[in-house]
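# Report on the structure
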Amino acid sequence: MGESLQPSLLAGFDLSAPLPGIANMARELPVARVVIDSAVPHLDRPFDYLVPADLDAAAQPGVRVKVRFGGQELGGFLTERLGHSDPGIKLQPLRAVVSPEVVLSAPVLATARAVAERYAGGVWDVLRAAVPARMARMETEKPSESGPAAADNPPGEPGDHLLAEYHGGTEYARALRAGKSPRAVLSAVPNRPGDWPALLLEAAELVLASGRGVLIVVPDARDLARLCLTLDDHLGSKGYARLSAEDGATPRYRNFLRVARGQARLVVGTRNAAFAPVKDLGLAIIWDDADSSHAEPRAPYHHAREVLLLRCGIEDAGLLLAAPGRSAEAQRLIRSGWAQELEAERRLLRAHAPRVIAASDEFEAERDPLLHAARLPAAAWREAKAALAHGPVLVQVARTGFMPALRCERCRTPARCTACNGPLALGDARGAPACSWCGLVAHDWSCVECGFMRLRAASIGADRTAEELGRAFPNINVVAATGAKPLHSVPDTPALVVATPGAEPVAANGYAAVLLLDGDRMMAREGLRTGEEVLNRWMGAACLARGRDGTKDRPGGGTVVVAGDPSESMRALVRFDAAAYAQSELDERRALGLPPAVRTAMVKGPAATTDKFISALEIDQEVRRHGPVLLDEGEHRWLLFFSYAQGPAVTAALRALRARFSAAKEPIVSIRIDPDGIL
DNA sequence: AGCACGCCGACT
DNA sequence: GTCGGCGTGCTC
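Because the structure is predicted, anything quoted here is derived from the model rather than measured. (Residues numbered from 1 in each chain as written. Chains lettered and ligands numbered in written order. Predicted model: local features only at pLDDT ≥ 70, side-chain atom pairs only at ≥ 80, totals over all residues. Heavy atoms only, no water.)

Counting secondary structure elements, chain A contains 20 helices and 30 strands. Among the 679 residues that make up chain A, the fraction classed as buried is 53%. The contacts of chain A with a sequence gap of at least 6 include a subset with a gap of at least 24, amounting to 73%. About 29,600 Å² of surface is accessible on chain A, with carbon and sulfur atoms providing 53% of the total. (Helix = DSSP H or I, 4+ residues; strand = E, 2+ residues; numbered from the N terminus. Buried < 20%, exposed > 50% of the residue type's maximum accessible area, 1.4 Å probe, protein only. Contact = heavy atoms within 4.5 Å. Areas by Shrake-Rupley, 256 points an atom, 1.4 Å probe, with all protein chains shown as cover.)

Set out below in structure tokens:
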């Protein structure tokens, strides 16, 4: 800004009407620039305040402050100290420094700004996710003995060469150790010593040894628990900091302070840990970036992978995207040359991946009513039966409640109510199917397409499946693990473990078999990325199975049975090659001009305002505009398609216009950038 | 969300 | 001539 040319320290102060306390302001750098806690779009910019002399010492960049803003007291972060402000503005004094603790570092602020730009959202919304709520007592708590992270075990004993099992991995490791910041995408080989936590730890230790900090972001509490077991073993619980919203506000803030104070150089956590103020970040690692838990469910709906991409650019840090499968976005980073691919040795993958069997033999199951009820293909039943002699068997089913949707058994046409056209379902009370909208009981249902008179459950939930499997496998212990009843691990004893995607417990020595039962149901969801999501869920579960060959610490013979109609996803699972699948998906999207080969924005709100918003948008003519789509309650939705190169200009235009509309008191339009699940 | 400032009507 | 209606726009 041009004010650096302004010679007078006092420019901008109204000297004719001194403010209270102006005589007592700080002598050096008397102006504090503050981002305020306001969700109002046109107030999403810094405001300047005067620093009273008594707050001078505490008013450092990065601290929480209180300010007076248009009649009310607001919270905020002090971002800068300046010699003077813009001329012609009466500055208010800073009301208070909430705590001298520096909780917002310069690179994190820069990242938050970049994230807000990318997602056309407010900086404050990002900061709220980035900086955990203050817990005042934690600030005075004396740090429990051992100071900076000290590894009890020197880095690098068992499994020190896991990265070397990938083409380019040795060079990648060397670069990390040498203080460089390489970027890579890796699809992890399962059943290696210590599994993926050991692989990520190996990369982290190389960077720690180079004197820099490391950040590891995982999708959820289950993965975090698994990673922390490994870290506790190798570094001790004091050797790193763990940041997860699920740990609760107090431990979260305690750990956050250790990071902010530079007492922890290795940080692991869930999505918002991507903003952890790690000092001198050398490497950020994201595990399983295709998992939807990495997307923040609140505005501006940022994704941890994109946060880290921006942050690594800002801090010149390395990035490692590691996963059981491969997201199309990760594949794009390889294809564009931004990241290198660390590809597994094919021979190694063949030996350590489980054997995968595709079972599409519906008619076999029909002969056995028990298997039919549990919708278990005969091949799956045979494999499970055999595997149960050696260990636990995982059964992955689609996420849904107790109430299944019904279809015609012969032609698969969804069964609908004759009165209101609502979907028919079986309640938990056994009996005739009923409409789940109007409740009308369909006594003698027949298919409107083919006249067939038998129904089949399109899918049933984990609880119901567990019940049915109990009947198909008498005398076998059956446990269910779902989002509602999470279970992190199961013992290495024969049992059937029914779980929904993402909630699969880990078996101590791997599962003897994994049955993937609800592929058709998961595939039935209309959506551009359905095939990709299904493959990722399958790969995630398949990687919990034992390998084809045994290793010295794990038996072999692992088998995966995938049931359902043949599909590209199924073929990719059988070949255990998510990278090739992601590449072909990406090629297809590029040809069609669809995400993630292009970027998208969704604008939605009251019809008139939204249409006006779109026509007032000052963006390149080449940006494709689709709409309006009429939604419920008179709302309109528009979709914009634009290239990655056009991205910054488009999101900047959306942000600027949103601010203009907000200032003009137009109703709120909601904007989502690169939303998942709309297309 | 609150507060100032501003341009019209009603009243001491 | 002055007080005050609330409509519009800004808030460091």
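Next, the rest of the story.
With their axes 8 Å apart at the nearest point, helix H1 (residues 106-118) and helix H2 (residues 123-130) run at an angle of 130° to one another. Taken as axis vectors, H1 and H2 run oblique relative to one another. By crossing handedness, the relation of H1 to H2 is classed as right-handed. Taking contact as the criterion, the partners of Ala112, Arg113, Val115 and Ala116 in H1 are, on H2, Val123, Val126 and Leu127. Residue composition of the contact of H1 with H2, grouped by class: 6 nonpolar, no polar and 1 charged. (Axes fitted to C-alpha atoms, helices over the stretch in contact; angles between N-to-C directions. Parallel < 35°, antiparallel > 145°, perpendicular 65-115°, else oblique. Left-handed = near helix turned anticlockwise from the far one by under 90°. Nonpolar A, V, L, I, M, F, W, Y, C, P; charged D, E, K, R; others polar.)

In this section: the protein's contact with DNA strand C. With respect to spatial proximity, 14 residues lie near DNA strand C, and among them His42, Asp48, Tyr49, Leu91 and Gln92 are the closest. Atoms of DNA strand C within 4 Å of the protein belong to the sugar or the phosphate in 39% of instances, the rest to bases. Take His42: an N or O atom from its side chain is 3.2 Å from a base oxygen of DNA strand C. The separation between a sugar or linking oxygen of DNA strand C and a polar main-chain atom of Gln92 is 2.9 Å. Only strand E2 (47-50) and strand E3 (64-69) provide two or more residues apiece to the surface near DNA strand C. Considering every element that reaches the surface near DNA strand C, the biggest residue donor is E2, with 3 residues. (Near = heavy atom within 4 Å. Polar contact = N/O pair within 3.5 Å; in protein donor to acceptor, adjacent residues only side chain to side chain.)

Here the focus is the pairing of strand E28 (residues 624-630). Of the pairings in the sheet, the one linking E28 to strand E29 (residues 635-642) comprises 5 bridges and is antiparallel in character. The partner of Arg625 across the bridge, within E29, is Leu640. (Pairing = 2+ DSSP bridges.)

Here we have 6 strands laid out as an open sheet, ordered E15-E26-E25-E16-E23-E21, and parallel in their pairing. For this open sheet the edge positions go to strand E15 (355-359) and strand E21 (478-481), each flanked by a neighbour on one side alone. Across this sheet, the average inter-strand angle for adjacent strands is 20°, counted without regard to direction. Here 4 bridges tie strand E16 (residues 393-396) to strand E23 (residues 496-499), and the two strands are oriented parallel to one another.

Moving on, we get to helix H9 (residues 328-335). Here H9 lies mainly inside the structure; 7 of its 8 residues are buried. When we look at burial in H9, the residues that qualify are Ala328, Glu329, Ala330, Gln331, Arg332, Leu333 and Ile334. Taken together, the buried residues of H9 touch strand E8 (183-187), helix H8 (304-315), strand E13 (318-323), strand E14 (340-344), helix H16 (530-542) and helix H18 (578-592). Taken from the residues just after H9, Gly337 is the one with a positive phi, measuring 85°.

Turning our eyes to something else, we now look at the UniProt feature "binding site: Zn(2+) 2" (unreviewed entry) in chain A. As annotated in UniProt, the feature "binding site: Zn(2+) 2" (unreviewed entry) corresponds to Cys417, Cys420, Cys435 and Cys438 in the numbering used here. For Cys435, the position within the fold is in strand E19 (residues 434-435). Accessibility expressed as a relative area gives 5% for Cys435, which makes it buried. (UniProt positions renumbered as here; feature names shortened; annotations may be inferred.)

Of all hydrophobic cores here, the largest spans 70 residues; its most connected members are Leu163, Leu186, Ile216, Leu266, Val268, Leu320 and Leu573. Top element by residues in this core is helix H5 (residues 195-209). It accounts for 9 residues. Taken together, domain 2 (136-349) and domain 3 (352-588) each give at least three residues to this core, which thus spans both. For Leu573, the residues in contact, after removing those within four places along its chain, are Val356, Leu516, Leu535, Trp538, Met539, Ala542, Val560 and Val562. In this structure, Val108, Ala264, Val267 and Ala317 belong to the second largest nonpolar core, which totals 68 residues. (Core = buried A, V, L, I, M, F, W, Y, C linked by side-chain atoms within 4.5 Å. Domains from an automatic or database assignment.)

Turn by turn, an α-helix covers 3.6 residues, leaving residues three or four places apart pointing in a common direction. Over its 15 residues, helix H6 (residues 221-235) extends 20 Å from the first C-alpha to the last, a length consistent with the 21 Å expected when each residue adds 1.5 Å. Taken residue by residue, H6 has Ala221, Arg222, Asp223, Leu224, Arg226, Leu227, Cys228, Thr230, Leu231 and Leu235 as its buried positions. At the N-terminal boundary of H6, the capping side chain belongs to Asp220, with an oxygen 3.2 Å from the backbone nitrogen of Arg222. Once H6 finishes, Gly236 follows within two positions and takes phi at roughly 80°, a positive value. (Expected span 1.5 Å × (residues − 1).)

Here the focus is the domain arrangement of chain A. Think of interface size as the accessible area that goes away when the parts come together; that is how it is often given. One can read the domain layout of chain A as domain 1 (1-100), domain 2 (136-349), domain 3 (352-588) and domain 4 (599-673). Counting residues at the interface gives 26 residues for domain 2, matched by 29 residues for domain 3. For the pair domain 2 and domain 3, the summed buried surface comes to about 2,300 Å²; carbon and sulfur atoms form 50% of the total. Joining domain 2 to domain 3, the criterion identifies 4 salt bridges. Salt-bridge contacts for Arg335 lead to Asp587; the nearest nitrogen and oxygen are separated by 3.1 Å. At the junction of domain 2 and domain 3, the tally comes to 14 residue pairs in polar contact (both at pLDDT 80 or more). (Buried area = accessible area lost by both parts, 1.4 Å probe. Salt bridge = Lys/Arg side-chain N within 4 Å of Asp/Glu carboxyl O.)

Time to look at the side chain of Asp125. On the secondary structure map, Asp125 appears in helix H2. Among the polar contacts listed, one links the side chain of Asp125 to the side chain of Arg128, at a separation of 2.4 Å. Once you skip the residues sitting within four places of it in the chain, Asp125 turns out to touch Ala299 and Pro300.

Attention now moves to the sheet that holds E28. Taken in spatial order, the 4 strands line up as E28-E29-E27-E30 in an open sheet, and their pairing is antiparallel. The open sheet has two edge strands, E28 and strand E30 (670-673), and neither has a second partner. Within this sheet the neighbouring strands show an average axis-to-axis angle of 15°, counted without direction.

Applying the stated criterion to the full structure yields 6 aromatic pairs. With a centroid separation of 4.4 Å and 10° between ring planes, the pair formed by Trp196 and Trp287 is classed as stacked. Placement of the pair is Trp196 in helix H5 and Trp287 in strand E12 (residues 281-287), with a sequence separation of 91 residues. In this structure Trp287 comes out as buried when scored by relative accessible area, which is 5%. Sitting over the ring of Tyr119, Arg118 keeps its end group 4.8 Å from the ring centre. When the ring centre of Phe641 is taken as reference, the NZ or CZ atom of Arg624 above it lies at 4.6 Å. (Phe/Tyr/Trp six-rings, centres within 6.5 Å; stacked < 30°, edge-to-face > 60°. Lys NZ or Arg CZ within 6 Å of the ring centre and 35° of its normal.)

For the rest of this paragraph, the subject is the environment of Leu227. With respect to the element layout, Leu227 can be found in helix H6. In this structure the C-alpha to C-alpha distance between Leu227 and Pro197, which are 30 residues apart in sequence, comes to 5.1 Å. Those residues in contact with Leu227, other than ones at most four positions away along the chain, are Trp196, Pro197, Ile216, Val218 and Val268.

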